[in-house]
Amino acid sequence: MRAVIQRVSEASCKVDGNITGQIGIGFMVLLGVEDADTDEDLQWLAQKITGLRVFGDENGLMNKGLADINGDILLISQFTLFAQTKKGNRPSFIRAARPDKAIPMYEQMIKTLETITGKKIATGIFGADMKVSLVNDGPVTITIDTKVRE
């Protein structure tokens, strides 16, 4: 799994002009699933996302986590995170999981994040043409890949 996590002061997702998910301060997370992903990858990534300490404390240092600031998460599925661009100019998405694997993993990530945070997770709609808006606070953007645990 790959995640792009952006610290935001607000974020929202629209499909066909209707808001499907909206948050104030927190994380906007783009999530990509590949065929090799397991439940262990999902659990590890969920813990990493919710444990990130990237919000400012009273000294302006990034020491606070999502729970400390009562932040929310907007989770958006994004298969293009597994784009391969080695050859040519048209990306290949062969590493991205097909919907029969990706949808259950995405839905499980929603449930897992809700369990960890104790809050409802705002979402987009899997496979839809989504319009995502956000105000990246900082900017702070972090990428995490469960296959490269640095």
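Residues numbered from 1 in each chain as written. Predicted model: local features only at pLDDT ≥ 70, side-chain atom pairs only at ≥ 80, totals over all residues. Heavy atoms only, no water.

The volume enclosed by the largest pocket comes to roughly 420 Å³. Of all the secondary structure elements, the ones that give two or more residues to the lining of the largest pocket are strand 3 (26–32), strand 6 (72–77), helix 2 (99–117) and strand 8 (130–145). The greatest single-element share of the lining of the largest pocket, amounting to four residues, is contributed by strand 3. Volume-wise, the second largest pocket comes out at about 150 Å³. Taken together, W44, K48, L52, T143, I144, D145, V148, R149 and E150 form the lining of the second largest pocket. Those elements giving two or more residues to the lining of the second largest pocket turn out to be helix 1 (39–51) and strand 8. Ranked by residue count, the leading element in the lining of the second largest pocket is strand 8, at three residues. Each residue belonging to the lining of the second largest pocket can be placed in one class, and the counts come to four nonpolar, one polar and four charged. (1 Å grid on protein atoms, 1.4 Å probe; cavity = no way out; pocket = protein on both sides within 12 Å on 5 of 7 lines; lining within 4 Å. Points joined across faces, edges and corners; volume = space filled by probe spheres on them. Helix = DSSP H or I, 4+ residues; strand = E, 2+ residues; numbered from the N terminus. Nonpolar A, V, L, I, M, F, W, Y, C, P; charged D, E, K, R; others polar.)

What follows is about the nonpolar core. By size, the foremost hydrophobic cluster in this structure holds 27 residues, and its most contacted members are F27, I73, L75 and M109. At the level of secondary structure, the elements contributing two or more residues to this core comprise strand 1 (2–15), strand 3, helix 1, strand 4 (53–56), strand 6, helix 2 and strand 8. Looking at which element gives the most residues to this core, the answer is helix 2, with six residues. Those residues in contact with M109 that sit more than four places away from it in its chain are M1, L31, L42, L45, A46 and L75. Counting residues in each nonpolar core, the second largest holds 13 residues, with V8, I23, I76 and M130 among its members. (Core = buried A, V, L, I, M, F, W, Y, C linked by side-chain atoms within 4.5 Å. Buried < 20%, exposed > 50% of the residue type's maximum accessible area, 1.4 Å probe, protein only. Contact = heavy atoms within 4.5 Å.)

Time to look at the pairing of strand 3. Counting buried positions along strand 3 gives seven out of seven residues, so the element sits mostly inside the fold. Here six bridges tie strand 3 to strand 6, and the two strands are oriented parallel to one another. The residue of strand 6 that forms the bridge with F27 is I73. (Pairing = 2+ DSSP bridges.)

Before going further, it helps to spend a moment on the packing of aromatic side chains. According to the stated counting rule, one finds three aromatic pairs in the structure shown. Centroid distance F79 to F93: 5.1 Å. Interplanar angle 75°. Geometry classified as edge-to-face. Here F93 lies in the loop between strand 6 and helix 2 and F79 lies in the loop between strand 6 and helix 2, a separation of 14 residues in the sequence. Its relative accessible area of 48% is what places F79 among the partly exposed residues. Cation over ring: R149 sits above W44, and NZ or CZ is 4.2 Å from the ring centre. (Phe/Tyr/Trp six-rings, centres within 6.5 Å; stacked < 30°, edge-to-face > 60°. Lys NZ or Arg CZ within 6 Å of the ring centre and 35° of its normal.)

This next bit is on the side chain of D57. Looking at where D57 falls in the secondary structure, it is placed in the loop between strand 4 and strand 5 (62–65). For the buried D57, no salt bridge is present, and the opposite-charge side chain at shortest range is K64, 7.2 Å distant. Only 2.8 Å separates the side chain of D57 from the side chain of N63, close enough to count as a polar contact. In contact with D57, other than residues within four places in its own chain, are N63 and K64. (Lys, Arg positive; Asp, Glu negative; His and termini not counted. Salt bridge = Lys/Arg side-chain N within 4 Å of Asp/Glu carboxyl O. Polar contact = N/O pair within 3.5 Å; in protein donor to acceptor, adjacent residues only side chain to side chain.)

As a further point, take the pattern of salt bridges. One pass over the structure, following the stated rule, counts nine salt bridges. Here R95 ties to E34 by a salt bridge, and the two come within 3.0 Å at their closest N and O atoms. You can see R95 sitting in the loop between strand 6 and helix 2 and its partner E34 sitting in the loop between strand 3 and helix 1, a full 61 residues away along the chain. The class of R95 is partly exposed, set by a relative accessible area of 31%. Here D37 ties to K147 by a salt bridge, and the two come within 3.0 Å at their closest N and O atoms. You can see D37 sitting in the loop between strand 3 and helix 1 and its partner K147 sitting in the segment after strand 8, a full 110 residues away along the chain. The network of salt bridges with common partners includes D37, E40, D41, K147 and R149.

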